[in-house]
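Residue strings, one per chain:
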There are 2 protein chains.
Amino acid sequence: MDQAAGRRREPTMRDVAALAGVSTKTVSRVINDQPGVGPEATERVRAAAHTLGFRPNLTASSLRRSDRRSATLGVLFEDLSNPFDSALLRAVEDRARSSGVLVLTGSDEDDPRLQRELLALLASRRVDGMIVMAVGGHQDALQQERERGTPMVLVDRPPTFANTDSVTTTNRESTREAVLLLASLGHRRIGFLGDRQALWTSQQRYTGYLEGLAHAGLTLREDLVMTDLRGPDAAEAATATLLDLAQPPTALFTAQNLLTLGAMRTLRDRRLHHRIALIGFDDFPLADMLEPSVTVIRQDVPAIGRTAAELILARIEGDQAPVVHAVIPALLISRGSGEIPPQPD
Amino acid sequence: MDQAAGRRREPTMRDVAALAGVSTKTVSRVINDQPGVGPEATERVRAAAHTLGFRPNLTASSLRRSDRRSATLGVLFEDLSNPFDSALLRAVEDRARSSGVLVLTGSDEDDPRLQRELLALLASRRVDGMIVMAVGGHQDALQQERERGTPMVLVDRPPTFANTDSVTTTNRESTREAVLLLASLGHRRIGFLGDRQALWTSQQRYTGYLEGLAHAGLTLREDLVMTDLRGPDAAEAATATLLDLAQPPTALFTAQNLLTLGAMRTLRDRRLHHRIALIGFDDFPLADMLEPSVTVIRQDVPAIGRTAAELILARIEGDQAPVVHAVIPALLISRGSGEIPPQPD
DNA sequence: CTGAAAGCGCTAACAC
DNA sequence: GTGTTAGCGCTTTCAG
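Note that the structure is a prediction, hence the values are computed from the model and not measured.

Definitions and limits used
- Residues numbered from 1 in each chain as written.
- Chains lettered and ligands numbered in written order.
- Predicted model: local features only at pLDDT ≥ 70, side-chain atom pairs only at ≥ 80, totals over all residues.
- Heavy atoms only, no water.
- Helix = DSSP H or I, 4+ residues; strand = E, 2+ residues; numbered from the N terminus.
- Rg over C-alpha atoms; globule rule 2.2 N^0.38 Å.
- Contact = heavy atoms within 4.5 Å.
- Areas by Shrake-Rupley, 256 points an atom, 1.4 Å probe, with all protein chains shown as cover.
- Lys, Arg positive; Asp, Glu negative; His and termini not counted.
- Charge placed at Lys NZ, Arg CZ, Asp CG, Glu CD.
- Buried < 20%, exposed > 50% of the residue type's maximum accessible area, 1.4 Å probe, protein only.
- Pairing = 2+ DSSP bridges.
- Least-squares fit on C-alpha atoms with pLDDT ≥ 70 in both.
- UniProt positions renumbered as here; feature names shortened; annotations may be inferred.
- Domains from an automatic or database assignment.
- Near = heavy atom within 4 Å.
- Polar contact = N/O pair within 3.5 Å; in protein donor to acceptor, adjacent residues only side chain to side chain.
- Axes fitted to C-alpha atoms, helices over the stretch in contact; angles between N-to-C directions.
- Buried area = accessible area lost by both parts, 1.4 Å probe.
- Salt bridge = Lys/Arg side-chain N within 4 Å of Asp/Glu carboxyl O.
- Parallel < 35°, antiparallel > 145°, perpendicular 65-115°, else oblique.
- Nonpolar A, V, L, I, M, F, W, Y, C, P; charged D, E, K, R; others polar.

## Re the overall build of chain A
- Of the regular secondary structure elements, chain A holds twelve helices and twelve strands.
- Its C-alpha radius of gyration of 26 Å places chain A more than 25% over the 20 Å reference for a compact globule of 345 residues.
- Seen through its C-alpha atoms, chain A measures out along the principal axes to roughly 90 × 45 × 35 Å.
- In chain A, the share of contacts with a sequence separation of at least 24, taken over all contacts with a separation of at least 6, comes to 67%.
- Accessible surface computed for chain A: about 14,300 Å², of which carbon and sulfur atoms make up 51%.
- One finds the centroid of the 40 positive side-chain charges in chain A at a distance of 6 Å from the centroid of its 44 negative side-chain charges.

Rendered as structure tokens:
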């Protein structure tokens, strides 16, 4: 047995047909469970296929078949090693596999160039449809792909172009709810740490923050708002800046899971983690094991993935219903860090 | 623009050839950067391809081409939503993409039936090779696939059959090292929590534990060993059992990341997390944020993924070197929980 | 330098 | 019921 080269030629329908003494078309019918083959011939074909170890070549079949299906979906996310992305992939995968569909994946790192390249690689493999997390900024590459007719569903962020389904969550509403919770405990100085403002989710969450302040009758203090933070280190520094203010915040809202980690780190370092309230967007593993346990807004990732998969599969099947923008509710999970009242100095 | 049905026919090389006034073969040469086309014809083809928005159909090309390459890899892991698996996928993906190769994924949940099914789905799409985490127990399906000539690399666990590359880590050696560290601090009763013994990694780590005890001159106490634990809840219960012994352990070694979490939970509940030492196999996000920070053995996941990808890509290229069983060193990360000395009662 | 003919493995559309 | 012919989009082979 060779490791690779001299890879054995896979048996074809011709080989099976020859052994069974029928035509390739008859083999095709048997393999695809199509009617019009006698029980005896069916049996001979089955036996021949089995002895040869025949396995249909899906790529050849999809080339010829009229529907052109490859039974393969493209999934293009920001970073598949991020727990949010990988949980989403898993949900998509499960739903797809139950329809015999496999998933071709890629991570575009929120880089438009990379996204365009990966889109092309997926397209050249003729996937039946794509589930994509749009990069921040321009969605040109996506729009072009969509306009070529590729069935597409966006997740996490909606399209900026027409006629394309999406599945998102209640970014604005849930953030507002969190801010209102903090306000109801008596917090009047609530800091906000946000991701890149080019991202739709960041904008939504920031809007929710503003709405929450307004509903609570609090005025926005610009010095308590830090945005365009990339990653935990930036959040760590931003938190330090906020805490060094003459009038520091008594509560923090972090608009993304990595930012929550950074903020926590600084709070711990300063031994303020039991004195300053913290609510974060996006749950993360072990949030319940920290001290204090971290109150978060949890997206229903399995539902988002399942919904996206169901949408794309339906579109591939030819579903012509009007565009769908599904919004899956997120949930505020109270664990402790969000329930800390304002502390006297 | 329709959502799906009536999907536009993609332009073909024939279309491009017609527009450029050349034969399809000339188009093929230009698209594939093959020599033997004049600069003028090349330009005409390029222009035609651009105006039509032509994109090569890789599935048709791979069907006809002599090397049969689909530039696609199959990746079959236990659970892509597990941080270990997804980090591995990401590493594989990055290395593959730099060679223009995409990855078709699947999660088999360590279920032999599912693994067999997914292997068949991958094979019917004629992936060039597979990177697989073998399920515990029999590797029949894998071996059969391998014997058909499919290039294959196993990760995390080695093959039980011949002639197949693998990439694993220093399970035994690193565990031994951890146990020796605990012993050097004066611990004489070191508990062991292990995953299913059917898994090769579990066996290796248990062997390392035994070696560590032996090297330290400690005798094995069977009542301190709990194996075949599936998931954090089982570990939680097992830890409670150990702590209830007349002579409870003063240190614990947990042989898998989920088990570490379970053990920690019980230690916290009993307020023993600062009194009983703990070292876990596999790092996990936030291990450094807990109190105390958790000492772990960290696998070099990016190196494992990259190595596996490089191996499979080389085999696909026809590399005939002898079988490789790469072992990537793991690292003991001291963070605090593993450095707690034995406490007087 | 370029193209015509054949065919990869399979299925559509018809014939028998 | 079953087979024949043609052709999916591309590349091989070989002829000019």
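More follows now that the structure is in view.
## Description of the pairing of strand β8 (residues 251-254) of chain B
Residues and elements named next belong to chain B.
- Side chains of β8 alternate between two faces, with A251 and F253 and L252 and T254 buried alike.
- Relative to β8, strand β6 (residues 190-193) runs parallel, the two sharing four bridges. Looking at β8, one finds that I190 is bridged to A251.
- Pairing between β8 and strand β9 (residues 277-281): four bridges, direction parallel.

## Some thoughts on the relation of the copies chain B and chain A
- Structural alignment of chain B on chain A gives an RMSD of 0.2 Å, achieved by rotating through 180° and translating 0.2 Å along the axis. Here the transformation between the copies is reduced to the relation of a two-fold axis. Closest to the rotation axis within chain B is the C-alpha of L104(B), separated from it by 2.2 Å.
- Comparing interface residues between copies, 100% of those in chain B also lie at the interface in chain A; the contact surface is shared.

## Let's talk about the UniProt feature "domain: HTH lacI-type" (unreviewed entry) in chain A
- Look at the UniProt record and you will see "domain: HTH lacI-type" (unreviewed entry) annotated at residues 11-65 of chain A.
- A helix fraction of 67% and a strand fraction of 0% characterise residues 11-65 of chain A, whose end C-alpha atoms lie 20 Å from each other.

## A few points about the domain arrangement of chain A
- Along its sequence, chain A is carved into domain 1 (3-56), domain 2 (72-167 + 301-327) and domain 3 (171-300 + 332-339).
- The C-alpha centroid of domain 3 of chain A is placed 62 Å from the C-alpha centroid of domain 1 of chain A.

## Describing the protein's contact with DNA strand D
- Near DNA strand D there are 26 residues, and of these G38(A), R64(A), R68(A), M13(B) and K25(B) occur at the shortest range.
- Here a base nitrogen of DNA strand D and a side-chain polar atom of R29(A) are 3.0 Å apart.
- N32(B) places a polar side-chain atom, nitrogen or oxygen, 3.1 Å from a phosphate oxygen of DNA strand D.
- Elements represented by at least two residues in the surface near DNA strand D include exactly α2 (24-31) and α4 (58-64) of chain A together with α2 (24-31) and α4 (58-64) of chain B.
- Residue contributions to the surface near DNA strand D peak at four residues, all from α4(B).

## Let's talk about the sheet that holds strand β8 (residues 251-254) of chain A
Residue and element names in this part refer to chain A.
- Strand order in this open sheet of six strands is β7-β6-β8-β9-β10-β12, and the pairing throughout is mixed. Each edge of the open sheet carries a strand with a single partner, namely β7 (225-226) and β12 (331-333).
- Here three bridges tie strand β10 (residues 295-298) to β12, and the two strands are oriented antiparallel to one another. In the strand pairing of β12, R298 is matched with L331.
- Relative to strand β6 (residues 190-193), helix α9 (residues 200-216) is tilted by about 170°, and along the sheet it contacts β6, β7 and β9 (277-281).
- Docked against the sheet, helix α10 (residues 231-243) engages β6, β7 and β8, running at close to 155° with respect to β6.

## Thoughts on the sheet that holds strand β2 (residues 102-107) of chain B
- Taken together, twelve strands build an open sheet; the order of strands is β11(A)-β5(A)-β4(A)-β3(A)-β1(A)-β2(A)-β2(B)-β1(B)-β3(B)-β4(B)-β5(B)-β11(B) and the sheet is mixed. Bordering the open sheet on either side are β11 (325-328) of chain A together with β11 (325-328) of chain B, each of which pairs with just one other strand. The average undirected angle you get between the axes of adjacent strands in this sheet is 20°.
- Pairing analysis gives four bridges linking strand β5 (residues 165-169) of chain A to β11(A), with the strands arranged parallel. In the strand pairing of β11(A), V167(A) is matched with A326(A).
- The strands touched by helix α7 (residues 140-147) of chain A are β3 (129-132) and β4 (152-155) of chain A; relative to β4(A), the strand with the most contacts, the crossing angle is about 155°.

## Some thoughts on unusual backbone geometry
- Backbone torsion omega between E291(A) and P292(A) reads -5°, so that peptide bond is classified as cis.
- Inspection of the secondary structure puts P292(A) in the loop between β9 and β10.
- Positive phi values are uncommon outside glycine, yet R271(A) reaches one of about 55°.
- Note on placement: R271(A) falls in the loop between α11 (257-269) and β9.
- R271(A) gets classed as exposed once you look at its relative accessible area, which sits at 62%.
- In this structure, D33(B) is a non-glycine residue whose phi angle is positive, near 55°.
- By secondary structure assignment, the location of D33(B) is in the loop between α2 and α3 (39-52).
- The class for D33(B) is exposed, based on a relative accessible area of 61%.

## Side note on the interface of chain B and chain A
- Each partner contributes to the interface: chain B provides 77 residues, whereas chain A provides 77 residues.
- Counting each side, the surface lost to burial between chain B and chain A is near 7,100 Å², with a carbon and sulfur contribution of 49%.
- Our count for the contact surface shared by chain B and chain A stands at 16 salt bridges.
- The closest approach of N and O atoms between E10(B) and R126(A), which form a salt bridge, is 4.0 Å.

## Focus: the packing of helix α1 (residues 13-20) of chain A against α2(A)
Residue and element names in this part refer to chain A.
- Closest axis-to-axis distance for the α1/α2 pair is 8 Å, and the angle between their directions is 105°. Relative to α2, the element α1 lies roughly perpendicular. Within the contact between the two elements, α1 uses M13, R14, V16 and A17 and α2 uses T24, V27, S28 and I31.
- Residues belonging to the contact of α1 with α2 are distributed by class as follows: five nonpolar, two polar and one charged.

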